[in-house]
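Here is how the chains run, residue by residue.
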Amino acid sequence: MTDSFAASFGVNKANWDDRAPLHASSPDYNFADFAADPAYLSAVVRFDRPRLGDIAGLRAVHLQCHLGTDTVSLSRLGARVSGLDFSGAALTEARRLAEAAGADVDYHEANVYDAVSVLGAESFDLVYTGIGALCWLPSVARWAEVVAGLLRPGGRLFIREAHPMLQTLDETVDPALPRYPYFEQAEPLVFDEPGTYVEVDGELTHTVTHEWNHSLGEIVTALLAAGLTLTGLTEHDSVPWNAIPGQMVHDEAVDEWRLKDTPQRLAASYTLQAVK
């Protein structure tokens, strides 16, 4: 890892360490529902359950797992799951959630680029990555190599992610317009924002983040170059959070947000699958 990337990861880790306890106490992360209902699943996993299929008995890893709501959900669907994240504060909350939910999940604190050395090569049948992960990584090609390294032959990658088209938009103008790069850039986008994407009771101390966008073509090409075969790619007009405040409406049926004016204009998220 270059010194500049290491500095960026340090900046982001401080931000996510701040966010973790605030997110865990937010009603938007539904910790109480996981504890009260042994069948409860995260909205992200529920949305993609038809595409996810039967994962019972699979050895799975959830990369960049944050608080582990999706991780616990995968466990509840029968997978034997590990979670990995670079924020120790997030993993403290993830372990607390897993205990309250009665889920058998093992968590590991590490940078996602170090996942193979931490978890072991070709150890998993399923690599899962959820919403809001890839934008924190400077190189999507390096991430794809990690995915390939973790998967056993025949193993599967499953990713639900914010669409890079959405990531280009400046949500502070109405209508939202492209402002940020669609394609991966060497230098990060630097943001200084006091809040976060869910309702929280408290403020961040470390407000600066470093982020990168990756085009859909770059993501697919990186996976192909790492030796994976693309088996599914579905683009959606919705996303699990209010990404453009004031311009999106909530669909309660699927617990997703989409543009209130002609939502077909925007690819807001996607689901991608590939096999090794």
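Refer to the preceding data block for the structure.
A. Focus on the overall build of the chain. Each helix and strand counted, the chain has nine helices and 13 strands in total. The C-alpha atoms of the chain give 18 Å as radius of gyration, which agrees with the globular expectation for 276 residues (19 Å, within 12%). Taking the principal axes of its C-alpha atoms as reference, the chain extends roughly 45 × 45 × 40 Å. When each of the 276 residues of the chain is scored for burial, the buried share is 52%.

B. The arrangement of the nonpolar core in detail. Formed by 36 residues in total, the largest nonpolar core has its most connected members in Leu63, Trp143, Leu150, Leu157 and Leu272. Those elements giving two or more residues to this core turn out to be helix 1 (3-24), strand 1 (59-63), helix 6 (115-119), strand 4 (124-129), helix 7 (140-150), strand 5 (151-162), helix 9 (216-225) and strand 13 (269-275). With seven residues, the top contributor of residues to this core is helix 7. Beyond its immediate sequence surroundings of up to four residues, Leu63 is in contact with Leu84, Val112, Ala115, Val127, Tyr128, Thr129, Trp143, Val147 and Leu150.

C. Focus on the sheet that holds strand 1. Spatially, 3-2-1-4-5-13-10 is the arrangement adopted by the seven strands of the open sheet, whose pairing is mixed. Two strands lie at the open edges of the sheet, namely strand 3 (105-109) and strand 10 (229-236), each paired on one side alone. When strand polarity is set aside, the average angle formed by the axes of neighbouring strands in this sheet is 15°. Pairing analysis gives five bridges linking strand 1 to strand 2 (residues 80-85), with the strands arranged parallel. Across the sheet, His62 pairs through a bridge with Gly83, a residue of strand 2. Along the sheet face, helix 4 (residues 69-76) touches strand 1, strand 2, strand 3 and strand 4 and points at about 170° away from the line of strand 2. Across the sheet, helix 7 lies against strand 1, strand 4 and strand 5, angled at about 140° from strand 5, the strand it touches most.

D. Geometry of the pattern of salt bridges. Applying the stated criterion to the full structure yields nine salt bridges. Salt-bridge contacts for Asp251 lead to Arg258; the nearest nitrogen and oxygen are separated by 2.7 Å.

E. A look at the environment of Asn12. Structurally, Asn12 can be placed in helix 1. We classify Asn12 as buried; its relative accessible area is 1%. Sequence-wise, Asn12 and Thr207 are 195 residues apart; in three dimensions their C-alpha atoms are separated by 9.1 Å. Those residues in contact with Asn12 that lie beyond four places of it in its chain are Phe86, Trp136, Thr209, His210 and Trp212.

Rules used in this analysis
Residues numbered from 1 in each chain as written. Predicted model: local features only at pLDDT ≥ 70, side-chain atom pairs only at ≥ 80, totals over all residues. Heavy atoms only, no water. Helix = DSSP H or I, 4+ residues; strand = E, 2+ residues; numbered from the N terminus. Rg over C-alpha atoms; globule rule 2.2 N^0.38 Å. Buried < 20%, exposed > 50% of the residue type's maximum accessible area, 1.4 Å probe, protein only. Core = buried A, V, L, I, M, F, W, Y, C linked by side-chain atoms within 4.5 Å. Contact = heavy atoms within 4.5 Å. Pairing = 2+ DSSP bridges. Axes fitted to C-alpha atoms, helices over the stretch in contact; angles between N-to-C directions. Salt bridge = Lys/Arg side-chain N within 4 Å of Asp/Glu carboxyl O.

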